[in-house]
Amino acid sequence: MDSVLIAVMAYDRFVAICHPLHYATIVSLRVCVLLVGGPWVFSCFVSLIHTLLMARLVFCGTNELPHYFCDLTPLLRLSCTDTSVNQIFVLFVAGMVIATPLVCILASYARIIVAIVKVPSAGGRKKAFSTCSSHLSVVALFYGTTIGVYLCPSSVRTAVKEKASAVMYTAVTPMLNPFIYSLRNRDLNGALRKLVSKKIGSSS
């Protein structure tokens, strides 16, 4: 769901920068409801299939999961039955909900960059780039870690790396979102400058 919502935000940036005069028409209330509700419905459907596929497995031996939540990949390792169907579905869904939105994001930003380059004033280009910088930071954090967890070969993955990556995309990235998206807020920037200057003054 997060992956698709990040792609939706890229589409929103694309429309706002490339078609500013038609923004209210293109991104109508009905479209917003579809773009936000669609990922929720889709993620619930995918989760239901994962749950049904997991219910057919048999777990024997230790039930201790070397993870901080019941993620699919470490959970499948505990099964003593054939998990090939589950693993194929994990790869299929990962490719669909990670790779496809990422391609859409890259395509949106390619169009955005072309549109920004055509802006005659340097101030206009700077303002357009600044509106995208916060979203690009979230894209890098989120996709960098999820690709490492779900699309990298199992031979290069370890339990420690999986846990670290999972913490990044399930906890750290959501916690950083309010801060990242507020970086362009003048009040926040002023408060950060005051805080830094106080720290420097106290240390000296």
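Note that the coordinates shown come from a computational prediction; the quantities given were computed from them, not determined experimentally.

### Examining the overall build of the chain
- Broken down by element type, the chain carries eight helices and zero strands.
- The order of helices and strands in the chain, counted from the N terminus, is α-α-α-α-α-α-α-α.
- Looking at the chain residue by residue over its 204 residues, the buried ones come to 30%.
- For the chain, restricting intrachain contacts to residue pairs at least 6 apart in sequence, the fraction spanning at least 24 positions comes to 67%.
- Accessible surface, the chain: about 12600 Å² in total, of which carbon and sulfur atoms supply 70%.

### Observations regarding the pattern of salt bridges
- In total, this model carries one salt bridge according to the counting rule given.
- Residue Asp12 pairs with Arg13 through a salt bridge whose shortest N-O separation is 2.9 Å.

### With respect to the packing of helix H1 (residues 2–18) against helix H3 (residues 29–55)
- Two elements in contact, H1 and H3, have axes whose closest approach is 9 Å; the angle formed by their N-to-C orientations is 165 degrees. Accordingly, the angle class assigned to the pair H1 and H3 is roughly antiparallel. When you trace H1 past H3, the crossing you get is right-handed. In this structure, H1 uses Val4, Leu5, Val8 and Tyr11 to contact H3, whose residues at the interface are Leu35, Val36 and Pro39.
- Classifying every residue of the contact of H1 with H3 gives seven nonpolar, no polar and no charged.

### Observations regarding the packing of aromatic side chains
- Within the structure shown, the criterion is met by one aromatic pair.
- Seen from their ring centres, Tyr11 and Phe14 are 6.3 Å apart, and the 40 degrees between their planes marks the pair as tilted. With Tyr11 and Phe14 both in helix H1 and three residues apart, this pair spans about one turn of that helix.
- A relative accessible area of 31% means that Tyr11 is categorised as partly exposed.

Each value, and the rule that gives it
- Residues numbered from 1 in each chain as written.
- Predicted model: local features only at pLDDT ≥ 70, side-chain atom pairs only at ≥ 80, totals over all residues.
- Heavy atoms only, no water.
- Helix = DSSP H or I, 4+ residues; strand = E, 2+ residues; numbered from the N terminus.
- Buried < 20%, exposed > 50% of the residue type's maximum accessible area, 1.4 Å probe, protein only.
- Contact = heavy atoms within 4.5 Å.
- Areas by Shrake-Rupley, 256 points an atom, 1.4 Å probe, with all protein chains shown as cover.
- Salt bridge = Lys/Arg side-chain N within 4 Å of Asp/Glu carboxyl O.
- Axes fitted to C-alpha atoms, helices over the stretch in contact; angles between N-to-C directions.
- Parallel < 35°, antiparallel > 145°, perpendicular 65-115°, else oblique.
- Left-handed = near helix turned anticlockwise from the far one by under 90°.
- Nonpolar A, V, L, I, M, F, W, Y, C, P; charged D, E, K, R; others polar.
- Phe/Tyr/Trp six-rings, centres within 6.5 Å; stacked < 30°, edge-to-face > 60°.

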